[in-house]
Amino acid sequence: TGINILYFYGQGGTSGTNTYSMQGNITANNIQIWPNNASGYTRTNVLNTNNYNITATNLYIGRSGDTNDYGSLSAGTSTIDINGNVIIYASDGNGDNVIDADTSSWTVSGNWTNNDTFTADTSTVTFDGTTDQTVTSGGSSFYNLTLNNTGVSGSDDIILADALDVGSTLTITD
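Cut-offs applied
Residues numbered from 1 in each chain as written. Predicted model: local features only at pLDDT ≥ 70, side-chain atom pairs only at ≥ 80, totals over all residues. Heavy atoms only, no water. Helix = DSSP H or I, 4+ residues; strand = E, 2+ residues; numbered from the N terminus. Buried < 20%, exposed > 50% of the residue type's maximum accessible area, 1.4 Å probe, protein only. Contact = heavy atoms within 4.5 Å. Pairing = 2+ DSSP bridges. Axes fitted to C-alpha atoms, helices over the stretch in contact; angles between N-to-C directions.

K.L.:
I tried to follow the environment of S21 on my own but got confused; where do I start?
P.N.:
Mapped onto the fold, S21 is located in strand β3 (residues 16-21). Judged by its relative accessible area of 40%, S21 is partly exposed. In sequence terms S21 and L59 are 38 residues apart; their C-alpha atoms lie 17 Å from each other. What S21 contacts, discounting residues up to four positions off in sequence, is N48 and N50.

K.L.:
Help me understand the sheet that holds strand β11 (residues 98-100), please; the structure alone is not making it clear to me.
P.N.:
Hydrogen bonds along the backbone pair up the strands of a sheet, which may run parallel or antiparallel. With parallel pairing, the five strands of this open sheet are ordered in space as β3-β6-β8-β11-β14. Strands at the two margins of the open sheet, each flanked by one partner only, are β3 and β14 (117-119). Each strand axis lies, on average, 10° off the axis of its neighbour in the sheet, ignoring direction.

K.L.:
In this structure, what is going on with the pairing of strand β8 (residues 69-74)? I would like to understand it.
P.N.:
The side chains of a regular strand alternate, residue by residue, between the two faces of the sheet. Counting buried residues along β8, five of its six residues qualify, which places the element largely inside the surrounding structure. The pairing of strand β6 (residues 43-48) with β8 spans six bridges and is parallel. Counterpart to R43 in the pairing with β8 is D69. By the bridge criterion, three bridges tie β8 to β11 in an arrangement that is parallel. Counted as the bridge partner of L73 is I99 from β11.

None of this, on its own, says anything about what the molecule does.
Given below as structure tokens:
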């Protein structure tokens, strides 16, 4: 609760991967996963939840306009509660910004913007905002998806910014 921004951005002067493994639950306002790398090198930072839970206002994978620096979240069986937005930034083609959802359970109260790679596996994502929410799938499928926006009439829309594909179960409850 006392953490405003939690960065996972190990530096490196060479190409490679930094892997961070959670050893307990995390609660923070904003979580951002991306490396701060020396020019000319390609580096990926991976956060492995080790099946611990994440609660955050916003989750950012990668960084806007960055080249050769990539972020990745491996969610395992975790419960991920994002009270704001999830943004997977676009990469430059030399690597990917990725959420690998595995069998995790997600609750998102804000927007979902996928500009790179979301791998649903057998995860469940629930949109439960109280104001309009925009979902940009970026061409990635969801596995189990629940739409449960409980805002007042006129402010409870789930806006699809592009095509939406659900591989297993779509539940609309409100």
